[in-house]
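Residue strings, one per chain:
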Amino acid sequence: MSDTFPGQAPGAFYPRAPAEPAKSKLDRWIEKYTALPRLRRRARPKRFFAWRVLRCGKTLSGMSDNRLLAELHATAHGLRAARAHPGEALLVRSFALIRECAGRELDQRHYATQILGARAVLNGAVAEMQTGEGKTLAITLAAGTAALAGRRVHVITANDYLAGRDADTMRGLYARLGLTCAAVEPGCTLEQRRAAFAADIVYASGKEVAFTFLRDRVAMGGRSGDIGLRTRAYFDGSGLLLPGLQFAIVDEIDSVMIDEARTPLILSVPPADARIEAEAARAAHAIASEMKEGRDYRIDRLRHAVELNRTGCDRLANLAELMPDAWRPAPIREDAVRTAISAIHLHRRDEHYILREGKVEIVDEFTGRTMPDRSWSAGLHQAVEAKEGVEITTRRVTLAQITFQRFFRRYIHLGGMTGTATEAADEFWSVYDLPVVRIPTHKRSRRRTWKTQVSARAATKWARVAKRAKALSDRGRPVLIGTRTVAASEAASAALHSLGVAHRVLSAAQDADEAAVVAEAGRAGAVTVATNMAGRGTDIILDAEARKAGGLHVIMTEMHSSRRIDRQLAGRAGRQGDPGSAEAILCAEDSLLPEFGRRYSRLIARFGGRVVLSALSDAQRRAERTHVAARRRLLELDEQMAENLSFTGTPE
Ligand SMILES: Nc1ncnc2c1ncn2[C@@H]1O[C@H](COP(=O)(O)OP(=O)(O)OP(=O)(O)O)[C@@H](O)[C@H]1O
């Protein structure tokens, strides 16, 4: 089956895939047995292809830089002429040239497995390459080839830090290929953003590109057809920031396109009457603080919902004059107070959010990072601000919104890589039409998984964690302690202090010197406490002494709400055939349990570790199912909204 990589809508002003209506269940079912196997076959590892690239590389290694450049020009010309079906020989040539340039520029030549991964991406698949297999370098083969063929490539990373880091590392290689490369920094001006997106290869987080696309959609002002856009560009400059959505390669694709896909992206502006909004949020908070759980309201922690009872509603009716006029009608005041109660009881500081310079910043559960430019919707953000007594920001007016699911489907070509795709293979297919293929590892993994320890109380857990870290660090092994929240990082840090273990902490609250902390985490005897920030994409490089002592040991101190995140954290150890180990030290008070079944956490604590472990695993599976259902609901709503809008004449 021949290789193919589209990405170009010939001659389009703003190339992007059409917004297709949702497929019926029957269509999906038929495609699962017809299209999916075909796509998988096309992308699956073909060792002969890798062998041809390596062999071609031998002929290139003796060439001068100038001769190599001439070869590159000829290959780029061939790729452009071939359009969507370049043929295997051209791809082999292009891969071998990029590989040779990487050898000269970075002193790293792609391994056969990286060649297979990149080929899968070019063929529109998700390549599952184990953690530490070198996806960052593998992506350069796919991105470089697509850019040489004239496509505008977006390499989407899991966060802004990785976008900057990867662009900086690979810029020299791309320059050798005659290609420009840029990273999009959050908070940059529109001009800087436009300049960055003009590069051949752009590294950016998914959120940055999606927001830029939303801005463009607003700027298009309903003209999304080619002629409309060209006419507008002719009269007043295009004003658009992106050169369309041609070719995306998504690193850590499950994090970007699945975990982050639970909330829609919203482009918004502040409203006119900000002062009254703030007054209402403060009044609702004051009333909510007077009310009592059980007497006035009930909290369903499983569903994250608050219900006012009769007494609560009556009490609120008596206090209604504290609210501004517009908030006095019963449904509105009740909604505001329910939100305030939820802010008080269901949203915890240093877990769901942190306070930085008087501002509430949401902490993303999956990445452990703060999301300074995001806010909770429906007044919740303001309610949390009122609870914290900080300045209340205004609820913003929505200009445009899109879900990640619908955004990524607008790319003409889509492919990606991750270490953890299998668990989400069904979702990749049903939502994005992406098959998943497994790529073999370069070297056999030497990572050992130790037996999980479970205790009843959190205090015992932290003491065990600190003891383990001390014992290993004394033997010269670096230790990474993975936590789920900022508060847990503090607990781990206190336990380490009590045993006199020197360590560093990396969390959403202290992310300024991330690169420096990561750089030191692989030194012999180093102990690092980190939230999920270090759980994905982070490359902890061991020094010789640490390698000799047995490599990095990862301690997971809590299960996450998805098995993929646990696997990513363990994957910091034993990379590229290095020695290493990972273990979980858990307890019955871990927050995964209260979130999904606090009712029985005390009960199971009385039983042994096996019961707690199976309750935790059960809670994890339940959390996964809840999240899948939430994403499906969000997508259905979004598709419905898009259909209604197109019915009323707005096609995007
Ligand atoms: N071909 C190569 N030759 C030598 N070193 C390599 C090669 N490819 C990758 N590496 C090194 O392997 C390490 C791991 O690479 P990288 O961080 O890209 O892995 P990854 O697959 O993205 O891991 P994760 O899934 O954890 O994000 C890096 O230190 C990188 O420099």
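The structure contained in this document is the topic of the report that follows. (Residues numbered from 1 in each chain as written. Predicted model: local features only at pLDDT ≥ 70, side-chain atom pairs only at ≥ 80, totals over all residues. Heavy atoms only, no water.)

Between its terminal C-alpha atoms helix α15 (residues 330–345) stretches 22 Å, which fits the 22 Å expected from 16 residues at 1.5 Å a residue. Listed as buried for α15 are R333, E334, A336, V337, T339, A340, I341, S342 and A343. (Helix = DSSP H or I, 4+ residues; strand = E, 2+ residues; numbered from the N terminus. Expected span 1.5 Å × (residues − 1). Buried < 20%, exposed > 50% of the residue type's maximum accessible area, 1.4 Å probe, protein only.)

Let us now look at the sheet that holds strand β11 (residues 370–371). The antiparallel open sheet is built from three strands, whose spatial order is β9-β10-β11. Edge positions in the sheet fall to β9 (353–356) and β11, since each of these pairs with one other strand and no more. With two bridges joining them, strand β10 (residues 359–363) and β11 adopt antiparallel strand pairing. What sits directly across from V363, in β11, is T370. (Pairing = 2+ DSSP bridges.)

Near the ligand, the surroundings consist of 20 residues, among which K135, T136, D539, R572 and R575 are the closest. Contacts to the ligand include Q114, whose side-chain N or O atom sits 2.8 Å from a nitrogen atom. Between the ligand and Q576 there is a distance of 3.3 Å, counted from an oxygen atom to a side-chain nitrogen or oxygen. Considered on its own, the ligand offers 640 Å² of accessible surface; in the complex 85% of this is hidden by protein. In terms of residue count, helix α7 (residues 135–148) provides more of the shell around the ligand than any other element does, three residues in total. For the shell around the ligand, the per-class residue count stands at three nonpolar, ten polar and seven charged. Inspection of the shell around the ligand shows a minimum of three residues originating in each of domain 1 (25–265 + 403–438) and domain 3 (446–618). (Near = heavy atom within 4 Å. Polar contact = N/O pair within 3.5 Å; in protein donor to acceptor, adjacent residues only side chain to side chain. Areas by Shrake-Rupley, 256 points an atom, 1.4 Å probe, with all protein chains shown as cover. Nonpolar A, V, L, I, M, F, W, Y, C, P; charged D, E, K, R; others polar. Domains from an automatic or database assignment.)

A positive phi angle, close to 60°, is found at D107, a residue other than glycine. In this fold, D107 is placed in the loop between α5 (88–106) and α6 (112–122). For D350, which is not glycine, the phi dihedral falls at a positive 65°. Take D350: it is sitting in the loop between α15 and β9.

Bringing the packing of α7 against helix α8 (residues 160–176) into the picture now. For any two helices packed against each other, one specifies the crossing angle of their axes together with the interaxial distance. Running from N to C, α7 and α8 cross one another at 55°; their axes reach a closest spacing of 11 Å. Classified by the angle between their axes, α7 and α8 sit oblique to one another. Note that α7 runs across α8; the crossing there is right-handed. For the pair formed by α7 and α8, the contact residues are T136, L137, T140, A143 and G144 on the first element and R165, D166, M170, L173 and Y174 on the second. Grouping the constituent residues of the contact of α7 with α8 by class yields five nonpolar, three polar and two charged. (Axes fitted to C-alpha atoms, helices over the stretch in contact; angles between N-to-C directions. Parallel < 35°, antiparallel > 145°, perpendicular 65-115°, else oblique. Left-handed = near helix turned anticlockwise from the far one by under 90°. Contact = heavy atoms within 4.5 Å.)

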